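# Examining the three-dimensional arrangement
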Amino acid sequence: MQDFEPKIVAFVCNWCTYAGADLTGTSRTKYAANVKIIRFPCTGRIDFMILMKAFENGADGIIVSGCHPNDCHYSTGNFHARRRWIVFRNLMNFTGIDTERILFSWVSAAEGFKWADVVNNTVAKIREMGPYENYNKIAVSTLLKEEVSNHE
Amino acid sequence: MNELINKVTKLLNDKTIDAFIGYGQGSTDRVRAIFARTVEQASKLIYTPACTFNLSGYLLKHEVKHLGKLGILANVAALRSIMQLASEFQIKDGEVYILFVNDDASLTEFSDFQSIEAFLEKANIDITPDEKARIEKIEAMSVSERWEFWNKEFEKCIKCYACRAACPMCYCHRCTTDVNQPQWIPVASHERGNLDYHLMRAMHLAGRCINCGECANACPMDIPLNLLTYQLIDPIKTGFGATAGMKADAVYALSTFKPDDKENFII
Amino acid sequence: MSRIGVFVCHCGENISATVNCEKVAQISKELKGVEFSTDYKYMCSDPGQTMLKEAIKEHKLDGVVVAACSPRMHEPTFRKACSEAGLNPYLCEMSNIREHCSWVHPKDDLTTEKAEDLVRVMVEKVKKNKALNSIKVPVTKTALVIGGGVAGIQAALDIANCGHKVVMVEKQPSIGGHMSQLSETFPTLDCSQCILTPRMVEIAQHPNITLYTYAEVEKVDGFIGNFKITVRKKSKSLDEHLCTGCGLCTTKCPQKKIPNEFERGLGFRPAIYVPFPQAVPNKPVIDRENCTYYIKGKCKVCEIVCPTKAIRFDQEDELVEIEAGAIVLATGFDVLKSDFFPEYGYGKYKDVIDGLQFERLASASGPTMGEIRRPSDGQIPKKIVFVACAGSRDPAKGIEYCSKICCMYTAKHAMLYKHKVHDGTPYVFYMDIRAGGKMYEEFVRRAIVEDETQYIRGRVSTIYEKNGKLIVKGADTLMGAEPVEIEADMVVLATAGVANHGAEALAQTVHVSYDAYKFFAEAHPKLKPVETNTAGIFLAGACQAPKDIPESVAAASGAAVKVAALFSNDELTREPLIAVVNRQAPPVFSSCVGCFLCQSVCPYQAIEREEIKNRNGEVIKTLAKVNEGLCQGCGTCVALCRTKAIDIHGYSNQQVYTEVMALLND
Ligand SMILES: Cc1cc2nc3c(=O)[nH]c(=O)nc-3n(C[C@H](O)[C@H](O)[C@H](O)COP(=O)(O)OP(=O)(O)OC[C@H]3O[C@@H](n4cnc5c(N)ncnc54)[C@H](O)[C@@H]3O)c2cc1C
Ligand code: SF4
Ligand code: SF4
Ligand code: SF4
């Protein structure tokens, strides 16, 4: 566990959180290198299926972030996103997916410091939780099965 | 039963409908759906306590649609399906002739969506106490127990998609399971792909599931997959004030929002 | 097989201080499909861009990844450079290894590895990019201005003076809006009519402006640059070409006791009427609800007296079709009235009036010729109470906002009163005095100091009548909430400014959003105050929120500039990063099932219905279709569509899926 480096994917909107993370950069605020950002036009574009894919491809944690309510560049994309998150989080919870490993946040273009905090806190938390064994396990057993079926 | 046969015979004779979807005796002692196009076929219609499943799934099937103007014997679940399908622009008012058997065996015919809406307002649409208890049992588990529970269940899935075929709300002609660019859902039935599939199925039915239970009935592997969507009914109702299949012009819960939708997890 | 070029920028030392740029370039070269890779000190500099262009040509690159600063900074720069080298600009992507990497991490292997990861993600993404062409939409250079208050007038004149055609649609028989009802205006006390009337006339005479009064917008189709509007011109029962506006008919009409809307019920008008003397157009309309002929079937006095035979009793409403490239909404506001204040006795006591009624009393052309006389008996009130915030800032009344104009016009009213009734005493009950604005605070001071207005801080709890006096009960919160009671002769309520009756319906017709109070919503509260969320539709004046005249006019000129900018080209060029609903060969046509659950999520109403017909013209399918003119590319619909029938350029399913795969599977 000592040298466990969590893999964390951040799904963020272009207008607020991506710009906020740019500001973290321009302010030279340091944070952990484990988080890598994938840019979306809006949180409304972030499909639950892409979150699913991140976990099953070995992400130990996920950050989803966009504009605060009422600040959406497209005015309502984040409101729609919020509803979907509420429902998807419910479903994850019910199926035993660890919702502690997925963080939803609002980070505006002015909140460079908040972004650094969000990243650092998430990395620290996931580091403590360890690799996402459950999901990894099914990924591994799946690979084995795929190999078997390829041989058939 | 005679009343039903007489009514359908009349409807077929005066060409009000071209075919009627009802229940008939299957080869074993099971009840099955029949599609009566002739008076002769109509005479085979039955209505027994075993006739509980939701026939509305057939309404949008290609083969059935081609029979012409349809009539259907609907139960509460079927009526809700029809309302939900109407709100998704899949069925128009007056397009389907709808009959309903009352508790006293008399027939009600629903001439328009409005009368269905009025009827549903008073109908019992809840999930059964048994289903409720099973959901609560799962909810009481720890996260990892839940994960183990569902993993065991999903392991059994053979991806026959009988659940999808049985669901009246799964009418897409190209399901995302069949999309291969990108291949969202792996084709083989292994744990990962199965989990993907079931999460996707549940999300796609969130706020649309009318709790008829046909998916679980259809599953040859006895996976209680209806619980996945049932479990979301309550939060969607209390959180967003929406219940599927109650109004023909309802706006889908996930197609809308309130600026003050409540959550407690976004930082 | 792809031929991708990777260009890693040092940004002086901004990147190379912590990231090993040479190594990133080297490792990238090993990636499948990468044809060329290099690193350079300043990619955005001239030599850097030249290098990029030459590499594109020399290596026949079909995709470019520039690993440098944030794409929010230089994406346009590099896309342009690619385009100049003959590569479609949308085949260029940037990896943000500065803001998101070198600046926020220390110099170590992990940082360089992260940069490698970020490059790999973009290399894989760019393989799925498609060459796109910017979208061109033709622009009809005519603007529709809805509402002819001061805001609509300003917007119309500004646009028309830029050389573009304007159609103005006004619901009332005359343009002018609320400003035409005002007596004198704060903060300068110049006469409202005197400054407004010339502009109203200008509207009527401007060669570029077509004016439809007594008309309403019934339907709006189309999108930015290409709106199709249906206007209903209500029948005026008049041939406007024949009418000379002599007004004889209005003097002979036997119906004389119809409450005059313009005077806010303080006077009367006949059934055939011109709303006010300076009206534009200055021609009458017949109010059919009150006309004896329409009620009883006979009369026609006006027809008999009309010297030019201009009356047309059988005239019908006319529908006019307009094509416009932009729409300006300037439908203004309304003030609360009627039974909203049972505790203040408005409607019960004749001498409790609202601010607009006071404007009419103070107006030289009003029902009292400018003398302040109370409605009940025509006496001059010696004690007058003004109640500010009547309804505003009162959650219990459902109006939480500040109506903004009332503090100022109340001070104005107190002043006007004092100027006309020298021995009278004006009292003002207020919650706070909000006088932000050029010369505004000074104006209020004048009312207090020079005109000796008694300002009392507190809400009025009740008003009742006793011995011919209005007893106003309140508390003075500055004096320890001590109860105050004033025996007044007249009370003026500064009733809250609210959204126009019918604003909601109009918003739905025009397809713009509105807020909880039914005021039209701007696209961005700070940076897009005159835009709506619907491209090509703009806001001017008090239809957006209560505004005073200077603000309304400023907003109107702002909206006019937006329209003029839009009209400055024959075609509109838009980024092609928008959503599309797939189309396939018949009989499938599309994987869209026509559930239209996507329709209501679109913030821009960009999702339309397309009917697919067979050879006999029968509709066999109805599919979703994205309007290229309206879609802004948020992708909210994409994430909703169950069957993945909608996708979005630039952030397509393939692209984002590939990005996740590439990031997690090195
Ligand atoms: C009592 C009072 C006193 C005031 N005193 C002052 C003052 O001293 N100084 C100052 O700066 N401001 C003052 N104001 C504020 C001023 O009236 C407004 O700022 C100004 O009228 C706003 O102009 P507008 O064009 O936006 O709206 P409006 O004046 O309301 O004009 C809107 C126009 O649109 C028309 N319309 C509405 N709906 C439709 C439709 N569906 N289709 C077509 N047309 C439609 C209306 O008939 C009207 O002609 C005062 C306001 C009040 C209530
Ligand atoms: S019916 Fe059962 S086995 Fe078949 S796909 Fe559905 S869940 Fe899996
Ligand atoms: S694009 Fe998707 S969500 Fe929209 S109507 Fe078609 S299937 Fe439904
Ligand atoms: S991408 Fe956004 S703006 Fe475009 S059609 Fe979809 S929801 Fe509307």
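One structure accompanies this document, and this report is about it. (Residues numbered from 1 in each chain as written. Chains lettered and ligands numbered in written order. Predicted model: local features only at pLDDT ≥ 70, side-chain atom pairs only at ≥ 80, totals over all residues. Heavy atoms only, no water.)

### Some remarks on the overall build of chain A
- Counting its secondary structure elements, chain A contains five helices and four strands.
- Along its sequence from the N terminus, chain A presents helices and strands in the succession β-α-β-α-β-α-β-α-α.
- Looking at chain A residue by residue over its 152 residues, the buried ones come to 68%.
- The contacts of chain A with a sequence gap of at least 6 include a subset with a gap of at least 24, amounting to 82%.
- Carbon and sulfur atoms make up 52% of the accessible area of chain A, which totals about 5200 Å². (Helix = DSSP H or I, 4+ residues; strand = E, 2+ residues; numbered from the N terminus. Buried < 20%, exposed > 50% of the residue type's maximum accessible area, 1.4 Å probe, protein only. Contact = heavy atoms within 4.5 Å. Areas by Shrake-Rupley, 256 points an atom, 1.4 Å probe, with all protein chains shown as cover.)

### Topic: the pattern of salt bridges
- Summed over the entire model, instances satisfying the criterion amount to 55 salt bridges over all chains.
- Across the salt bridge formed by Glu 116 of chain C and Lys 23 of chain C, the nearest N and O atoms sit 3.5 Å from each other. With Glu 116 of chain C in helix H5 (residues 109-128) and Lys 23 of chain C in helix H1 (residues 21-29), this residue pair connects regions lying 93 residues apart in the sequence.
- Note on Glu 116 of chain C: relative accessible area 13%, which makes it buried.
- Across the salt bridge formed by Arg 269 of chain C and Glu 261 of chain C, the nearest N and O atoms sit 2.8 Å from each other.
- Looking at Glu 261 of chain C, the relative accessible area reads 45%, which means it is partly exposed.
- Bridged by salt links that share partners, the residues Arg 39 of chain A together with Glu 75, Arg 79, Glu 93, Lys 125 and Glu 659 of chain C form one connected network. (Salt bridge = Lys/Arg side-chain N within 4 Å of Asp/Glu carboxyl O.)

### Some remarks on the interface of chain C and chain A
- Contacts between the two partners involve 43 residues from chain C, matched on the other side by 45 residues from chain A.
- Summing the contributions of chain C and of chain A, the shared interface buries around 3800 Å²; its carbon and sulfur component is 58%.
- Taken together, the links from chain C to chain A amount to three salt bridges.
- A salt bridge links Lys 644 of chain C to Asp 47 of chain A, with the nearest nitrogen and oxygen atoms 2.5 Å apart.
- Our enumeration of links across chain C and chain A arrives at 18 residue pairs in polar contact (both at pLDDT 80 or more).
- Contributing elements (two or more residues each) for the side of chain C that touches chain A: helix H3 (71-84), helix H4 (98-102), H5, helix H16 (636-640), strand E34 (646-648) and helix H17 (653-664) of chain C.
- The dominant element in the side of chain C that touches chain A, judged by the number of residues it contributes, is H17 of chain C, at eight residues. (Buried area = accessible area lost by both parts, 1.4 Å probe. Polar contact = N/O pair within 3.5 Å; in protein donor to acceptor, adjacent residues only side chain to side chain.)

### Overview of the packing of aromatic side chains
- Using the criterion set out here, one finds 35 aromatic pairs over all chains in the structure.
- For the ring pair Phe 79 of chain A and Phe 257 of chain B, a centre distance of 4.7 Å and an interplane angle of 10° mean the geometry is stacked. Of this pair, Phe 79 of chain A sits in helix H3 (residues 77-94) while Phe 257 of chain B is found in the segment after helix H11 (226-240), placing the two residues in two different chains.
- Phe 79 of chain A gets classed as buried once you look at its relative accessible area, which sits at 4%.
- Each ring, one from Tyr 401 of chain C and one from Phe 519 of chain C, has its centre 5.8 Å from the other, and the planes form 70°; the classification is edge-to-face. Here Phe 519 of chain C lies in the loop between helix H14 (503-510) and strand E29 (537-539) and Tyr 401 of chain C lies in the loop between strand E21 (383-390) and helix H12 (406-420), a separation of 118 residues in the sequence.
- Ring pairs connect the aromatic residues Phe 55, Tyr 132 and Tyr 135 of chain A together with Trp 147 of chain B, which therefore count as one cluster. (Phe/Tyr/Trp six-rings, centres within 6.5 Å; stacked < 30°, edge-to-face > 60°.)

### Focus: empty space enclosed by the protein
- In total, this model carries 12 cavities of 30 Å³ or more according to the counting rule given.
- Computed from the structure, the largest cavity encloses a volume of approximately 340 Å³.
- Considering the residues around the largest cavity, the lining is formed by 30 residues, among which His 204 of chain B together with Ala 639, Leu 640, Cys 641 and Arg 642 of chain C are closest to the centre.
- At the level of elements, helix H2 (48-56) and H3 of chain A, helix H9 (191-205) of chain B together with H16 of chain C are the ones that each hand at least two residues to the lining of the largest cavity.
- When residues in the lining of the largest cavity are grouped by element, the largest group, three residues, is from H3 of chain A. (1 Å grid on protein atoms, 1.4 Å probe; cavity = no way out; pocket = protein on both sides within 12 Å on 5 of 7 lines; lining within 4 Å. Points joined across faces, edges and corners; volume = space filled by probe spheres on them.)

### Some details on the nonpolar core
- Within the largest apolar cluster, 294 residues are counted, with the highest numbers of intra-cluster contacts made by Phe 11 of chain A together with Leu 329 of chain C.
- Setting aside anything within four residues of it in sequence, one finds Phe 11 of chain A in contact with Ile 38, Phe 40, Ile 46, Ile 50, Leu 51, Ala 54, Ile 62, Ile 63, Val 64 and Ser 65 of chain A together with Val 660 of chain C.
- One finds Ile 15, Ala 81, Cys 82 and Met 122 of chain C within the second-largest nonpolar core, a separate group that totals 41 residues. (Core = buried A, V, L, I, M, F, W, Y, C linked by side-chain atoms within 4.5 Å.)

### Describing the packing of H3 of chain A against H11 of chain B
- Between H3 of chain A and H11 of chain B, whose axes approach to 10 Å, the crossing angle comes to 140°. The angle between the axes of H3 of chain A and H11 of chain B places the two elements in the oblique class. When the axes of H3 of chain A and H11 of chain B are compared, the crossing they make is right-handed. Two secondary-structure elements touch here, H3 of chain A through Arg 83, Ile 86, Val 87, Asn 90, Leu 91 and Phe 94 of chain A and H11 of chain B through Leu 227, Leu 228, Gln 231, Leu 232, Pro 235, Ile 236 and Phe 240 of chain B.
- Its residues placed into classes, the contact of H3 of chain A with H11 of chain B shows 10 nonpolar, two polar and one charged. (Axes fitted to C-alpha atoms, helices over the stretch in contact; angles between N-to-C directions. Parallel < 35°, antiparallel > 145°, perpendicular 65-115°, else oblique. Left-handed = near helix turned anticlockwise from the far one by under 90°. Nonpolar A, V, L, I, M, F, W, Y, C, P; charged D, E, K, R; others polar.)

### Section: the interface of chain B and chain A
- Between chain B and chain A, the residue contacts involve 46 residues of the former and 40 residues of the latter.
- Taken together, both faces of the contact between chain B and chain A bury some 4300 Å²; the carbon and sulfur share is 69%.
- When the area that chain B buries against chain A is broken down by residue, the three leading residues are Trp 147, Arg 192 and Phe 265 of chain B, summing to 19%.
- One can count two salt bridges joining chain B with chain A.
- The closest approach of N and O atoms between Asp 261 of chain B and Arg 83 of chain A, which form a salt bridge, is 2.7 Å.
- At the boundary of chain B and chain A, one finds 11 residue pairs in polar contact (both at pLDDT 80 or more).
- For the side of chain B that touches chain A, the secondary structure elements donating two or more residues are helix H6 (129-139), helix H7 (143-156), H9 and H11 of chain B.
- Here the element with the most residues in the side of chain B that touches chain A is H9 of chain B; it accounts for nine residues.
- Grouping the constituent residues of the side of chain B that touches chain A by class yields 27 nonpolar, eight polar and 11 charged.

### With respect to the sheet that holds strand E12 (residues 226-233) of chain C
All names here are of chain C.
- Strand order in the open sheet formed by three strands is E11-E12-E17, with antiparallel pairing between adjacent strands. Two strands close off the open sheet at either side, each with one partner strand: strand E11 (215-223) and strand E17 (318-324). Each strand of the sheet is rotated relative to its neighbour by a mean of 20°, with strand direction disregarded.
- Bridge count for E12 against E17 is seven bridges, and the pairing is antiparallel. (Pairing = 2+ DSSP bridges.)

### Comments concerning the site of ligand 2
- Around ligand 2, the structure places 13 residues, and the nearest of them are Cys 157, Cys 160, Tyr 161, Cys 163 and Cys 219 of chain B.
- Residues belonging to the shell around ligand 2 are distributed by class as follows: 11 nonpolar, one polar and one charged. (Near = heavy atom within 4 Å.)

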